[in-house]
Amino acid sequence: MIEFRFAVGDLATTSFAYSPLQEAVFSLRCLHDPARYPHHRPWLRRIRPHLETLDRDLLSALIAPWLWVPDFLTPRPARARPVFAEELDEVRRTPPDVVVADFHATYRTKEALPPVLRRGLAEPEVLLTRLTDAVDAYWRTCLSDSWWPRVQSILEADLAHQARVLAEQGAAALFVGLDTRLVWTGEQLRLTRTGDTAPWPPADIRIAGRGLVLMPTLFARGAQTVIDPSRPPVLIYPARGRATLSEAPPPVTDRALVRLLGRPRARLLGLLAEPASTTELAHRLDVTPGAVSQHLAILYDAGLLSRTRSGRTVWYVRTALGDELCR
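Residues numbered from 1 in each chain as written. Predicted model: local features only at pLDDT ≥ 70, side-chain atom pairs only at ≥ 80, totals over all residues. Heavy atoms only, no water.

Caption draft 1: Quick peek at the pattern of salt bridges. This structure, assessed with the given rule, holds 15 salt bridges. Taking the shortest distance from any N to any O, the salt bridge between Arg5 and Glu3 comes out at 3.0 Å. (Salt bridge = Lys/Arg side-chain N within 4 Å of Asp/Glu carboxyl O.)

Caption draft 2: The arrangement of the pairing of strand E10 (residues 313-318) in detail. Pairing geometry for strand E8 (residues 276-277) and E10, over two bridges, is antiparallel. Across the sheet, residue Ser277 finds its bridge partner in E10, namely Trp315. The turn joining strand E9 (residues 305-310) and E10, which pair antiparallel and follow one another in sequence, is formed by two residues; a positive phi near 65° is taken by Gly311. (Pairing = 2+ DSSP bridges. Helix = DSSP H or I, 4+ residues; strand = E, 2+ residues; numbered from the N terminus.)

Caption draft 3: A look at the nonpolar core. Of all hydrophobic cores here, the largest spans 85 residues; its most connected members are Phe103 and Leu235. Looking at this core, the element that brings in the most residues is helix H8 (residues 124-143), giving 10 residues. Phe103 has contacts with Ala61, Leu62, Pro70, Phe72, Leu113, Leu117, Leu121, Leu127 and Leu131, leaving out every residue within four places of it along the chain. One finds Leu257, Ala266, Leu268 and Leu281 within the second-largest nonpolar core, a separate group that totals 19 residues. (Core = buried A, V, L, I, M, F, W, Y, C linked by side-chain atoms within 4.5 Å. Buried < 20%, exposed > 50% of the residue type's maximum accessible area, 1.4 Å probe, protein only. Contact = heavy atoms within 4.5 Å.)

Caption draft 4: Structural view of helix H14 (residues 289-301). Here H14 spans 18 Å end to end across 13 residues, near enough to the 18 Å set by a 1.5 Å rise per residue. Considered for burial, the residues of H14 that qualify are Val292, Leu296 and Leu299. Axial view of H14: buried residues confined to an arc of 60°, hence all on one face. Away from the buried face of H14 by more than 90 degrees, exposed residues Gln294 and Asp301 are located. Those residues of H14 hidden inside the fold are in contact with helix H11 (255-261), helix H12 (263-271), helix H13 (278-285), E9 and E10. Once H14 ends, the next one or two residues include Gly303, with phi positive near 80°. (Expected span 1.5 Å × (residues − 1). Arc of directions from axis to C-beta.)

Caption draft 5: Examining the sheet that holds E10 more closely. Pairing within the open sheet is antiparallel, and its three strands lie in the order E8-E10-E9. Looking along the sheet, the strands with just one partner apiece sit at the ends: E8 and E9. Docked against the sheet, H14 engages E9 and E10, running at close to 120° with respect to E9. (Axes fitted to C-alpha atoms, helices over the stretch in contact; angles between N-to-C directions.)

Caption draft 6: Layout of the sheet that holds strand E4 (residues 188-191). Taking strand neighbours across the sheet as the criterion, the four strands line up as E3-E4-E1-E5 in an open arrangement whose pairing is mixed. The open sheet has two edge strands with one neighbour each: strand E3 (182-184) and strand E5 (203-206). Between one strand and the next, the sheet's axes are offset by a mean angle of 15°, whatever the strand orientation. Packed on one face of the sheet, helix H10 (residues 171-178) meets E3 and E4 and runs near 170° to E3.

Caption draft 7: Summary view of the packing of helix H9 (residues 148-169) against H10. Between H9 and H10, the least distance of the axes is 7 Å, while the angle of their chain directions is 145°. Mapping the contact onto sequence places Gln162, Val165, Leu166 and Gln169 in H9 and Ala171, Ala173, Leu174 and Leu178 in H10. Considering only residue class, the contact of H9 with H10 consists of six nonpolar, two polar and no charged. (Nonpolar A, V, L, I, M, F, W, Y, C, P; charged D, E, K, R; others polar.)

Caption draft 8: Expanded view of the packing of aromatic side chains. Inspection of the entire model under this criterion finds 13 aromatic pairs. With a centroid separation of 6.3 Å and 85° between ring planes, the pair formed by Phe16 and Tyr237 is classed as edge-to-face. Of the two residues, Phe16 sits in strand E2 (residues 15-16) while Tyr237 sits in strand E7 (residues 234-238), which places them 221 residues apart along the sequence. Each member of the pair, Phe16 as well as Tyr237, carries the same accessibility label: buried. In this arrangement the basic side chain of Arg108 is found over the ring face of Trp66, its NZ or CZ atom lying 4.2 Å from the centre. Seen from the ring of Trp68, Arg108 lies directly overhead, with NZ or CZ sitting 5.4 Å from the centre. (Phe/Tyr/Trp six-rings, centres within 6.5 Å; stacked < 30°, edge-to-face > 60°. Lys NZ or Arg CZ within 6 Å of the ring centre and 35° of its normal.)

This is the structure:
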């Protein structure tokens, strides 16, 4: 059992974040065990030809056979929506002794290390440079353009849902809703690990003013945390809506709605039950972002959508009026 212990004020500093670097690294789990991640099969089929151009031996070695990942590769985000390049720069600054220690903790025995890591850890500074270059190339080749916009939309929708649960039902409902293996006692958050590919040692983690960061991911079947319990506290949990990653855009079947709005706007309104960006909607509908923007502006002006900005990204979602119209 893993216990997160809260003192007075610790609950107030609990926050949510997601990490493009974490999702990129965790996505390598699909290469080890595709059967565990059926919703990613269409993406895997698309990227397989590109994998041969990458440092695949090293990328595969970043995931242990039991799907553990070295802690230094998934640093706790400093803000809710970090940028991939900034996170990777933080990894590049990892001290060599931490690189060595984290790989040994991930693989548990020196004999279990793959040959590429056994050789590389003799010069951890060189290995770290090769590793970050490989992850960067993987991100640019396989993830950033067509995969990440959709994943980011799912993570944003999860955060919006969790915020509503916290506001309407409180912390107890929030924690229990993240994963059935979590139990909230009022002072402790208990995580019972069952069904994992390798046993996790028990840990007693005191928040102690450091803040607990809750992070959704598309690559976990249950809640988990970092390997080293002395690191800043993080709880990673399965994101809602993971199954939608493999969905095709739903057809518009309500003829009255199509006659009223036109097929493109009716389809957009149908997709925006959860927040999505212009880029993600364009990918899902296989049209240009400019075309989507024009229709979104009309729906927004009509009061059928609301929008919020996060950095350079604008997120749209149906208003109550939009929901009623769809019904």
